[in-house]
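Below are the chains, spelled out letter by letter.
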There are 2 protein chains.
Amino acid sequence: MTRTGRGQEPREGRTAVILVDSQMGENIGAAARAMYNFGLTDLRLVRPRDGWPNPAATAMAAGADRVLDAVTLFASVAEAVADLHFVAATSARPRHMVKPVRTPAEAAARVHAQEQAGARCGILFGAERSGLDNDTVALAQEVIRIPVNPAFPSLNLGQAVLVVAYELFLAAHGEGETPPPLDYLGSEPATAADLDGLIGHLTRDLEAAGYFYPPEKKEVMARTIRNIFQRSVWSGQEVQILRGVVKALGRGRPPRQ
Amino acid sequence: MTRTGRGQEPREGRTAVILVDSQMGENIGAAARAMYNFGLTDLRLVRPRDGWPNPAATAMAAGADRVLDAVTLFASVAEAVADLHFVAATSARPRHMVKPVRTPAEAAARVHAQEQAGARCGILFGAERSGLDNDTVALAQEVIRIPVNPAFPSLNLGQAVLVVAYELFLAAHGEGETPPPLDYLGSEPATAADLDGLIGHLTRDLEAAGYFYPPEKKEVMARTIRNIFQRSVWSGQEVQILRGVVKALGRGRPPRQ
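Student: Residue-level account of the interface of chain B and chain A, with values.
Tutor: With 52 residues of chain B at the interface, the matching set in chain A holds 52 residues. Of the roughly 4200 Å² buried at the junction of chain B and chain A (both faces included), carbon and sulfur atoms supply 62%. When the area that chain B buries against chain A is broken down by residue, the three leading residues are Asn37, Val98 and Phe152 of chain B, summing to 16%. Our count for the chain B to chain A interface comes out at zero salt bridges. There are 14 residue pairs in polar contact (both at pLDDT 80 or more) connecting chain B and chain A. Of all the secondary-structure elements, those providing two or more residues to the side of chain B that touches chain A are helix 1 (25-37), helix 5 (104-116) and helix 7 (157-173) of chain B. Among the elements that make up the side of chain B that touches chain A, the one with the highest residue count is helix 7 of chain B (seven residues).

Student: Please provide a residue-by-residue account of helix 1 (residues 25-37) of chain A, values included.
Tutor: Given a rise of 1.5 Å per residue, 13 residues ought to cover 18 Å, and the 18 Å separating the end C-alpha atoms of helix 1 of chain A matches this to within 8%. Here helix 1 of chain A lies mainly inside the structure; 12 of its 13 residues are buried. Every buried residue belonging to helix 1 of chain A is among Gly25, Asn27, Ile28, Gly29, Ala30, Ala31, Ala32, Arg33, Ala34, Met35, Tyr36 and Asn37 of chain A, and all of these are buried. On its buried face, helix 1 of chain A sits against strand 1 (13-20), strand 2 (40-46), helix 2 (55-61), helix 3 (65-68) and helix 7 (157-173) of chain A together with helix 7 of chain B. Gly39 of chain A sits one or two positions beyond helix 1 of chain A and adopts a positive phi of about 80°.

Student: Account for the packing of helix 5 of chain B against helix 7 of chain B, naming residues and giving values.
Tutor: Residue and element names in this part refer to chain B. Packing of helix 5 against helix 7 brings their axes to within 8 Å, and their N-to-C directions diverge by 50°. Taken together, helix 5 and helix 7 sit at an angle that is classed as oblique. Between helix 5 and helix 7 lies a crossing of right-handed hand. Here helix 5 contributes Pro104, Ala105, Ala108, Ala109, Val111 and His112 to the contact with helix 7, which in turn contributes Val163, Glu167, Leu168, Ala171 and Ala172. Classifying every residue of the contact of helix 5 with helix 7 gives nine nonpolar, one polar and one charged.

Student: If you had to explain the side chain of Asn149 of chain A to someone new, which residues and values would you point to?
Tutor: Structurally, Asn149 of chain A is set in the loop between strand 7 (142-144) and helix 7. A residue is classified by how much of its surface remains accessible, and Asn149 of chain A, at 8% relative accessible area, is buried. Excluding residues that lie within four positions of it along the chain, Asn149 of chain A makes contacts with Tyr36, Asn37, Phe38, Gly39 and Phe169 of chain B.

Student: I'd love a proper account of the environment of Val246 of chain A, names of residues and values included.
Tutor: All names here are of chain A. Of note, Val246 is situated in helix 10 (residues 236-251). Spatially, the C-alpha atoms of Val246 and Lys99 are 67 Å apart, while their sequence positions differ by 147 residues. Once you skip the residues sitting within four places of it in the chain, Val246 turns out to touch Leu198, His201, Leu202 and Asp205.

Student: Give a detailed account of the sheet that holds strand 6 (residues 121-125) of chain B, specifying residues and quantitative values.
Tutor: Sheet strands pair by backbone hydrogen bonding; their relative direction is either parallel or antiparallel. All names here are of chain B. Ordered in space as 3-2-1-6-4-7-5, the seven strands form an open sheet in which the pairing is parallel. Only two strands of the sheet have a single neighbouring strand rather than two, namely strand 3 (72-74) and strand 5 (101-102). Sitting on the sheet, helix 1 touches strand 1 (13-20) and strand 2 (40-46), and the angle it makes with strand 2 is about 155°.

Student: I'd like to hear about helix 7 of chain A, residue by residue, with values.
Tutor: Residue and element names in this part refer to chain A. The end-to-end C-alpha distance of helix 7 is 24 Å, a good match for the 24 Å that 17 residues give at a rise of 1.5 Å each. Most of helix 7 sits inside the fold, with 17 of its 17 residues counted as buried. Among the residues of helix 7, the N-terminal cap falls to Asn156, whose side-chain oxygen and the backbone nitrogen of Gly158 are separated by 3.1 Å. Positive backbone phi, at 60°, marks Gly174, one or two positions downstream of helix 7.

The rules behind the values
Residues numbered from 1 in each chain as written. Chains lettered and ligands numbered in written order. Predicted model: local features only at pLDDT ≥ 70, side-chain atom pairs only at ≥ 80, totals over all residues. Heavy atoms only, no water. Contact = heavy atoms within 4.5 Å. Buried area = accessible area lost by both parts, 1.4 Å probe. Salt bridge = Lys/Arg side-chain N within 4 Å of Asp/Glu carboxyl O. Polar contact = N/O pair within 3.5 Å; in protein donor to acceptor, adjacent residues only side chain to side chain. Helix = DSSP H or I, 4+ residues; strand = E, 2+ residues; numbered from the N terminus. Expected span 1.5 Å × (residues − 1). Buried < 20%, exposed > 50% of the residue type's maximum accessible area, 1.4 Å probe, protein only. Axes fitted to C-alpha atoms, helices over the stretch in contact; angles between N-to-C directions. Parallel < 35°, antiparallel > 145°, perpendicular 65-115°, else oblique. Left-handed = near helix turned anticlockwise from the far one by under 90°. Nonpolar A, V, L, I, M, F, W, Y, C, P; charged D, E, K, R; others polar. Pairing = 2+ DSSP bridges.

Spelled out as structure tokens, the structure:
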């Protein structure tokens, strides 16, 4: 998948996040925050253990009120997904089902393509410890498995929502406005001639200072210096500054003996 | 960037995470947890406000002790990055500096390439509210900007570390073991002939039941039914089950009048 930015203005994603049997209000709040960070607003709760609204969720959402205010509550997963055309279930473990397993990036690309075609999509997330049961996974077309360190695979609910929401955001908007390789802050990038001028200036001053010794090493020493300055690109202003530096150093040099 | 899995065994990442002036122990713990979820273990703290160790960090790290036990403390960013060859600074806002700005995926690819070549790399994260100051950003070769919803751009520290660690994991391991498109659970995928057998069986029974009416519609009705079963791939076992379903339905059918 190519992930270059497309320069378009991010809009709000349509994808629903469905939290099933979630226990801690803090986790619901963290999920809401992660959703809104990546432009999602449709949060659906199925049988939240501590009921709804939940002050712990509000505290943790850190201002994602837009999401919490619009939460919808359901008594069953079937009701929560009834209006959706495509549903994916997150799962950390293999299921004994013939169902495609996607990475978050693959799933996000598929969700985005279907939303572009007018479909409404949703992602199911299970309870903190136990995840989704098999009957709930069976309600989804596909399974999403987040790749993690096998030695420490326990992503919490907020983290799992964050990864999926982040990938949905990238699928919809690329990586956002692709920044230019360098912002020259009003200056022009230095040309090869600018750089040659600097290197020439430096080499002359070094020559005058007796730097190139023994003389037969001069060629390789000069090439090394050129390569140092050639390693990166500079702004015209930066090259001017470097010439000023060379000049200033020359002024401070004691007269040759 | 292509993100296909490469089937290699995930190993621990070498990249250092450097938290500068972090305030809340909870955030340090969340960062440690996110790091270890994605295989990172080198956590460096520069001037943590509440000192170290910090019980709030341990509670939040939820078992990422491997990371917390190895934390190193520094009095300055310069000391924290002294042994590193390549440093990137996360920043949510533009800086008045001529410095490349990368997306997390771009930065992760560059870090991975340099680590493959033997370099040690680190990522700087600033304090919760204020981020990194310009003098600290100046110590980095590049800036990482995480793409977010412009209406709600405030990622917390743990979330920012999670996104960067996730991208580093993907850069190093692809998306992990790429799951097969479908796991047929011991059965073979159904062949076209298997499917034809099912559709033929179904069509014959429907014909016998007088389903295709009026007769001139039969062709298009039969094609619609074929397309329903042709939409996806099935296991041989599933096709056998469907044939059993067709057979059973036929048995239950009342005799034609």
